[in-house]
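This is what each chain is made of:
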Amino acid sequence: MKSPSFHPLVVANTSFKKLNIDLNISAKPLDILKCIEWVMSQKSGGIDVFIGTVRDATKGKAVVRLEFEAYVPMALNQMEKIAQEAVRKWPVDKILIHHRTGVLQPGEVPVIIAVAAAHRAAAFDACRFAIDALKENVPIWKKEIFEDGETWVAAHP
Amino acid sequence: MNLMTVRILAFGIAKEIVGASFIDIVLNDGLTVKKLKGSLEERFPGLKQLASYRIALNNEFANAEQPVQAQDEIAIIPPVSGG
């Protein structure tokens with residue numbers, strides 16, 4: 001019988017950075033301005049930014065807080081695929097995807113996607129693609145905590 | 001068929017269904033992802049109540065016919081909800 005291989009649950013790498021791609025999964029608050037500054041350059045004609053924020057209610061029920069959990073190495077791997085695909089499909093100069101983990105209050109920022117390109121159409125399209133793909137395929141989960149209970153979002157039909 | 005012990009990581013609601021952030025189970029070496037899912041659902045019927053769930057091997061989503069090896073990093077991926 002083969003012995004189990006070791007799977008570290010704590011992973012040192014929580015970010016990935018190349019010349020044109022910056023990915024990060026962080027337990028600390030995200031810095032919107034720093035994200036925008038990172039993609040900004042004289043090469044680009046515009047920047048499109050998507051900022052996700054925590055809503056204070058779901059279907060009329062007050063949300064007390066959200067808790068985000070990530071499978072970090074796989075989430076980074078999936079985020080890299082999304083960023084590479086965006087760069088391949090559209091003439092994008094730089095793309096940044098940062099995601100928060102841990103406990104977030106209404107109004108806080110769980111995700112920032114910033115895309116810089118020579119022309120606005122590519123920036124808008126790539127940014128839209130990136131947030132849609134993230135919601136589909138990046139292993140990050142959120143639990144909504146209400147005053148009378150909690151649910152993992154999208155878990156049940 | 002040889003047996004292998006594998007560690008399976010569980011996240012989000014899967015962690016609650018399984019009752020731990022990982023479990024070690026004995027399986028047939030090289031079984032398919034489909035068979036792995038069947039075996040997991042027998043042990044943890046709560047998985048069948050989910051809208052869907054995927055298996056990841058080595059940080060990639062796996063397809064149903066892919067074989068699972070002892071050295072793979074295996075994870076249960078319930079419906080994701082980031083962003």
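Residues numbered from 1 in each chain as written. Chains lettered and ligands numbered in written order. Predicted model: local features only at pLDDT ≥ 70, side-chain atom pairs only at ≥ 80, totals over all residues. Heavy atoms only, no water.

Points about a nonpolar patch on the surface
Judged by side-chain polarity, M40(A), I47(A), V49(A) and I51(A) come together as a nonpolar surface patch covering roughly 290 Å² of accessible area. For V49(A), the position within the fold is in strand β3 (residues 46-52). (Patch = residues over 30% accessible without salt bridge, like charges linked within 9 Å, V, L, I, M, F, W, Y side chains within 5 Å. Areas by Shrake-Rupley, 256 points an atom, 1.4 Å probe, with all protein chains shown as cover. Salt bridge = Lys/Arg side-chain N within 4 Å of Asp/Glu carboxyl O. Helix = DSSP H or I, 4+ residues; strand = E, 2+ residues; numbered from the N terminus.)

Some details on the confidence of the model for chain A
Mean pLDDT for chain A: 93, with 92% of residues reaching 70 or above. Scored below 50 in pLDDT, residues 1-8 of chain A makes 20 contacts in the model with residues more than four places away or belonging to other chains. (pLDDT = per-residue confidence, 0-100. Contact = heavy atoms within 4.5 Å.)

Overview of the sheet that holds strand β4 (residues 60-61) of chain B
Residue and element names in this part refer to chain B. Ordered in space as β2-β1-β5-β3-β4, the 5 strands form an open sheet in which the pairing is mixed. Only two strands of the sheet have a single partner each, and these edge strands are β2 (22-28) and β4. Both strand β1 (residues 3-10) and β2 contribute to a ladder of 7 bridges, which runs antiparallel. Its bridge partner being in β2, L9 is matched across the sheet by F22. (Pairing = 2+ DSSP bridges.)

Considering the pattern of salt bridges
Going through the model one piece at a time under the given rule, you end up with 11 salt bridges over all chains. The partner of E108(A) in a salt bridge is R100(A), with the nearest N and O atoms 3.4 Å apart. A salt bridge links K143(A) to E150(A); its shortest N-O distance comes to 3.0 Å. Sharing partners across several salt bridges, the network here consists of K143(A), E150(A) and E16(B).

Considering the pairing of strand β9 (residues 140-146) of chain A
Residue and element names in this part refer to chain A. The element β9 is extensively covered by neighbouring structure, given that 7 of its 7 residues are classed as buried. Bridge count for strand β5 (residues 61-70) against β9 is 7 bridges, and the pairing is antiparallel. Across the sheet, residue R65 finds its bridge partner in β9, namely I145. Where β9 lies against strand β10 (residues 149-152), 4 bridges are found, and the strand directions are antiparallel. By the bridge assignment for β10, F146 is matched with G149. If you look at the hairpin formed by β9 and β10, you'll find 2 residues sitting between the two strands. (Buried < 20%, exposed > 50% of the residue type's maximum accessible area, 1.4 Å probe, protein only.)

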